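For reference, the chains in residue letters:
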Number of protein chains: 2
Amino acid sequence: MRHITAADITAFEKIYRLNFVNGLPGYKPANLVGTAAPDGRTNLAIFSSVLHLGSDPAVLGMVTRPTTVPRHTYQNIKDNGGCYTLNQVPLPLAAAAHYTSANFEDESEFDACGFTADFRDGFAAPYVAESPLSIGLRLREEHAIFNGTMLLVGTVEHVYLRPDMLRPDGTLDLAAVNATAISGLDGYHQVLPPVRYGYARPGQFPKPL
Amino acid sequence: MRHITAADITAFEKIYRLNFVNGLPGYKPANLVGTAAPDGRTNLAIFSSVLHLGSDPAVLGMVTRPTTVPRHTYQNIKDNGGCYTLNQVPLPLAAAAHYTSANFEDESEFDACGFTADFRDGFAAPYVAESPLSIGLRLREEHAIFNGTMLLVGTVEHVYLRPDMLRPDGTLDLAAVNATAISGLDGYHQVLPPVRYGYARPGQFPKPL
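First, a word on scope: everything that follows refers to the structure included in this document.

Parameters and conventions
Residues numbered from 1 in each chain as written. Chains lettered and ligands numbered in written order. Predicted model: local features only at pLDDT ≥ 70, side-chain atom pairs only at ≥ 80, totals over all residues. Heavy atoms only, no water. Least-squares fit on C-alpha atoms with pLDDT ≥ 70 in both. Contact = heavy atoms within 4.5 Å. Buried area = accessible area lost by both parts, 1.4 Å probe. Salt bridge = Lys/Arg side-chain N within 4 Å of Asp/Glu carboxyl O. Polar contact = N/O pair within 3.5 Å; in protein donor to acceptor, adjacent residues only side chain to side chain. Helix = DSSP H or I, 4+ residues; strand = E, 2+ residues; numbered from the N terminus. Nonpolar A, V, L, I, M, F, W, Y, C, P; charged D, E, K, R; others polar. Pairing = 2+ DSSP bridges. Phe/Tyr/Trp six-rings, centres within 6.5 Å; stacked < 30°, edge-to-face > 60°. Buried < 20%, exposed > 50% of the residue type's maximum accessible area, 1.4 Å probe, protein only. Lys NZ or Arg CZ within 6 Å of the ring centre and 35° of its normal.

A few points about the relation of the copies chain B and chain A
Phase 1: Between the two copies, chain B and chain A, the superposition gives an RMSD of 0.0 Å; the rotation angle is 180 degrees and the shift along the axis is 0.0 Å. What the superposition gives is, in effect, a two-fold axis relating one chain to the other. Using C-alpha coordinates, one finds that chain B approaches the rotation axis most closely at V191 of chain B, a distance of 2.3 Å.
Phase 2: Taken together, the interface assignments show that 100% of the residues at the interface of chain B recur at the interface of chain A, consistent with an identical surface on both copies.

As structure tokens, then:
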């Protein structure tokens, strides 16, 4: 095994360090975050930092980078009633989703990258019409991390999903909709169907369901 | 598209709701968290909530469930200098990793589930010898979420990795070590090698590297 210390990481060239540290957690989900300014201008941005925080009520988190540079996503959420959407990225749309990370300034990433903004059921933020799983959330809490990043905590208000991805036990078949896994800053992966294991109990080594 | 509201989710049967909401983010990383009590007793637990929070310094987060029931991982971190390890789970070890979620009470999950506790370079928490990517972290911050969960923020002190997973540009080849992606609470997935896209710029639709 190769041993790399914190001092080694600090000494890495900047891009090498970004590549390396962004890969450390392992696979990450691929979500497009949809928002709108109060004047109706839309914004779309890929995030790999969405995570589950609780089921009752349903709560999801995501991490934003430091606000020392303009962040349309964060500003729109704050200015528009706390509303934002998460939209799962299927693999054939990964290149277009990655493209939303370019600095488009005044043009909406929906238009520039070829996605359709879909406003549903009176919610103030746009969904991505091309996504098989979209979630409408409202900001509940912000947690400032010591390094300038921020954890945004949102409660789930709406879920829209392709019916064929919902299994009878409530689990979601992500492989059925070709959902993408991300590694690092630039890797987009196809994922195969799962092996599933039941609730684990001492003395019973897990067997596939 | 099927539309499910927050009220629908609240009305779901409990296990159905847990399955459903845990699937909403998409794919999650599979990490085993290794800790030790001050008396040397070890603990190992699977977490799917590890995420990147920053690269300089290298910072990772993970989420613990409410501490209303005993949580050996959290208590060990607090009692043992803030030290814990993250260990990437390769797919052939997914069943054994899932098994760590059983309630073993006084027996170490390292022994019960067939993993080898490996203490390295004087660090107070054990690594998993069978893992191709292990990280030693020290707790820096705790953020209490309104629902009783907690975000633990740790700085990276050590990384140990199989040399063949480190690409020349610093990115990690997770597929080369057969790293696992998780869906929901019980789905373990094989992941194929990535398509990679370069830094995105307006006017240049991303092409595979």
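What about the interface of chain B and chain A?
Phase 1: Taken together, the contacts link 103 residues of chain B with 103 residues of chain A.
Phase 2: The largest per-residue losses of area from chain B upon contact with chain A belong to M1, Y27 and F146 of chain B, which jointly make up 10% of the total buried on that side.
Phase 3: Our count for the contact surface shared by chain B and chain A stands at four salt bridges.
Phase 4: Between R17 of chain A and D56 of chain B there is a salt bridge, and its shortest N-O distance comes to 3.3 Å.
Phase 5: Run the count over chain B and chain A and you get 50 residue pairs in polar contact (both at pLDDT 80 or more).
Phase 6: With nine residues, strand β11 (residues 150-161) of chain B is the largest single contributor of residues to the side of chain B that touches chain A.
Phase 7: Per-class residue counts for the side of chain B that touches chain A are 58 nonpolar, 31 polar and 14 charged.
Phase 8: Relative to strand β1 (residues 2-5) of chain B, strand β11 (residues 150-161) of chain A is paired through four bridges, and the arrangement is antiparallel. Residue pairing in the sheet places H158 of chain A in a bridge with T5 of chain B of β1 of chain B.

With respect to the packing of aromatic side chains
Phase 1: In this structure the tally under the stated criterion is 14 aromatic pairs over all chains.
Phase 2: Ring geometry for F12 of chain B against F20 of chain B: centres 5.5 Å apart, planes inclined by 80 degrees, an arrangement best described as edge-to-face. For the pair F12 of chain B and F20 of chain B, a shared accessibility class is recorded, and that class is buried.
Phase 3: One cation-aromatic arrangement involves R140 of chain A over F146 of chain B; the distance from NZ or CZ to the ring centre is 3.7 Å.

Here's the deal with the sheet that holds strand β12 (residues 181-183) of chain A
Phase 1: Pairing in this open sheet of four strands is antiparallel, and the strands run β2(A)-β12(A)-β13(A)-β14(B) from one edge to the other. In this open sheet, the two edge strands, each paired with only one partner strand, are β2 (28-29) of chain A together with β14 (195-196) of chain B.
Phase 2: As defined by bridge partners, β2 of chain A adjoins β12 of chain A across two bridges and the pair is classed as antiparallel. Residue pairing for β12 of chain A: K28 of chain A is matched across the bridge by I182 of chain A.

Read these as layout, nothing more, since geometry by itself doesn't imply function.
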